[in-house]
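Geometric and topological summary
So you can see what is in the structure, the chains are spelled out below.
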Amino acid sequence: MVEKTQVARSKRIQRRTGKTFHVATRVLPERIRRPTYVLYGFFRIADEIVDAPDTGPPDEQRAELERLRRAALGEEQADDPVLDAFATVCTERGIEDGDVHAFVDAMESDIDTDRYETYEELETYMNGSAAAVGRMMTAIMDLDPETEARALPHATKLGEAFQMTNFIRDVREDVVERDRIYLPLETLDAHGVSERQILELEFDDRVAAAIRSELARTERLYEEGVAGIKYLPEDCQFAVLLASVLYADHHRLIRNLGYDTVSTTPELSLARKLSLLVRTRWKWQWTRDPEAVFYEMCRGFDASRDHREHGPHGPSVAQTD
């Protein structure tokens, strides 16, 4: 059983490094909230092996990730209370070893991969860094096998949507702090943008078009992801809906900046997050339909043309904020 001190340590990590997700985690029921803190703590510990300012050379990073992998899988004693708690959660909640491997493999790829030629290559990376996270979150909700089978494809897409929002929002940060470009190079090339231009943080209309293209792709991922919230336990649906609203609201900021995430990194204020929490909760009280509430909260969302013209929530999506 996971101890309170382990949960508290994990919670502090999330509150410090994952402020947007922390707001949504707070409204989960306790039986899900506690293991969620532990999962997030594990994710951050793994991420910081590669991305912390004082990280070691590549060989040391790989060795540390392998120690973390073994501890997470319960193959050796963990020397960190969060890792120990994560191994316990995996056993108690039936998290697949394959998802743990996929996540750690993705962190390891960050050591020597800093460009992605195609979206398909990026999607392969996100299978570990994001989709596996969605699958782990679904696992701790203890769904029956049939419902879990329905929920998993949507959880995968929602995890990818959150990750893509981060990539689009953090273009400048990833270049400055990590010399990484997560926008697919084929997208940049299609809009006449060179790799050098991104690395030199030169923004123009061509960069705006490339970012807008990836934003539209990401919003289609949200469509697929949010469509599966209804399969989750009733007392978990609002928290996942809120997380979706909070992450998607970054797209409003990005549009308001003219798609310029090269010159600045947009960030939701605490006041905005609390406002979204209150407004989403109010609408949820009246309409227990995750998709309807999501599209009502995300007016101006640049969804796919097919959804705008034919989907059940088309009129709301087409409006501007």
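Residues numbered from 1 in each chain as written. Predicted model: local features only at pLDDT ≥ 70, side-chain atom pairs only at ≥ 80, totals over all residues. Heavy atoms only, no water.

Let us look at the overall build of the chain. Regarding its fold elements, the chain presents 17 helices and zero strands. Scaling as 2.2 N^0.38, a compact globule of 321 residues should have a C-alpha radius of gyration of about 20 Å, and the chain matches this with 19 Å. Each principal axis of the C-alpha atoms in the chain carries an extent, and together these give about 50 × 50 × 35 Å. Scored against the burial criterion, the 321 residues of the chain give a buried share of 55%. (Helix = DSSP H or I, 4+ residues; strand = E, 2+ residues; numbered from the N terminus. Rg over C-alpha atoms; globule rule 2.2 N^0.38 Å. Buried < 20%, exposed > 50% of the residue type's maximum accessible area, 1.4 Å probe, protein only.)

With that settled, the discussion passes to the pattern of salt bridges. Going through the model one piece at a time under the given rule, you end up with 31 salt bridges. Of the charged contacts, one joins arginine 44 and glutamate 48 as a salt bridge, the two residues approaching to 3.8 Å between their closest N and O atoms. Linking arginine 44 with glutamate 48, this pair stays in helix α3 (residues 30-51), spanning four residues, or about one helical turn. Among the residues examined, arginine 44 registers a relative accessible area of 22% and is labelled partly exposed. Residue classification places glutamate 48 among the partly exposed residues on the basis of a relative accessible area of 30%. A salt bridge links arginine 69 to aspartate 105, with the shortest nitrogen-to-oxygen separation between them at 2.8 Å. Taken together, the residues span a long stretch of sequence, with arginine 69 in helix α4 (residues 58-72) and aspartate 105 in helix α6 (residues 97-112) at a distance of 36 residues. Its relative accessible area of 39% is what places aspartate 105 among the partly exposed residues. (Salt bridge = Lys/Arg side-chain N within 4 Å of Asp/Glu carboxyl O.)

A few words on helix α14 (residues 270-286). Relative to the 24 Å expected for 17 residues at 1.5 Å per residue, α14 spans 25 Å between its end C-alpha atoms, a close match to the ideal helical length. As for α14, its buried residues are in contact with α2 (19-25), α13 (234-256) and α15 (290-297). (Expected span 1.5 Å × (residues − 1). Contact = heavy atoms within 4.5 Å.)

For the structure on display, the rule yields 16 aromatic pairs. When the ring of tyrosine 116 is compared with that of tyrosine 125, the centres are 5.6 Å apart and the planes differ by 45°; the resulting orientation is tilted. A residue is classified by how much of its surface remains accessible, and tyrosine 116, at 5% relative accessible area, is buried. Both rings, one in phenylalanine 162 and one in tyrosine 222, keep their centres 6.0 Å apart while their planes meet at 50°; by these two values the pair is tilted. In this pair, phenylalanine 162 sits in helix α8 (residues 145-169) while tyrosine 222 sits in helix α12 (residues 205-226), placing the two residues 60 residues apart along the sequence. (Phe/Tyr/Trp six-rings, centres within 6.5 Å; stacked < 30°, edge-to-face > 60°.)

Relative to each other, α6 and helix α7 (residues 119-139) sit at 145°, their axes nearing to 7 Å. α6 and α7 meet at a crossing whose hand is left-handed. In contact with Asp99, Val100, Ala102, Phe103, Ala106, Met107, Ser109 and Asp110 of α6, α7 contributes Tyr125, Asn127, Gly128, Ser129, Ala132, Val133, Arg135 and Met136. When grouped by side-chain class, the residues that make up the contact of α6 with α7 number nine nonpolar, four polar and three charged. (Axes fitted to C-alpha atoms, helices over the stretch in contact; angles between N-to-C directions. Left-handed = near helix turned anticlockwise from the far one by under 90°. Nonpolar A, V, L, I, M, F, W, Y, C, P; charged D, E, K, R; others polar.)

The next subject is the confidence of the model for the chain. Of all residues in the chain, 93% have pLDDT values of 70 or greater, and the mean over the chain is 89. Averaged over each element, pLDDT in the chain is lowest for helix α17 (residues 314-318) (34) and highest for helix α10 (residues 185-190) (98). With pLDDT under 50 throughout, residues 302-321 is counted as low confidence; its partners more than four residues away or in other chains account for 38 contacts. (pLDDT = per-residue confidence, 0-100.)

Topologically, arginine 172 is positioned in helix α9 (residues 171-178). The sequence separation of arginine 172 and glycine 258 amounts to 86 residues, and the corresponding C-alpha distance is 15 Å. Beyond its immediate chain neighbours, meaning those up to four positions away, arginine 172 contacts Leu201, Thr261, Val262, Ser263, Thr264 and Thr265.

A cluster of acidic residues, Glu117, Glu120, Glu121, Glu186 and Asp189, forms a negative patch on the protein surface. Of all the secondary-structure elements, those providing two or more residues to the negative patch are α7 and α10. Here aspartate 189 is to be found in helix α10. A residue is classified by how much of its surface remains accessible, and aspartate 189, at 60% relative accessible area, is exposed. (Patch = residues over 30% accessible without salt bridge, like charges linked within 9 Å, V, L, I, M, F, W, Y side chains within 5 Å. Areas by Shrake-Rupley, 256 points an atom, 1.4 Å probe, with all protein chains shown as cover. Lys, Arg positive; Asp, Glu negative; His and termini not counted. Charge placed at Lys NZ, Arg CZ, Asp CG, Glu CD.)

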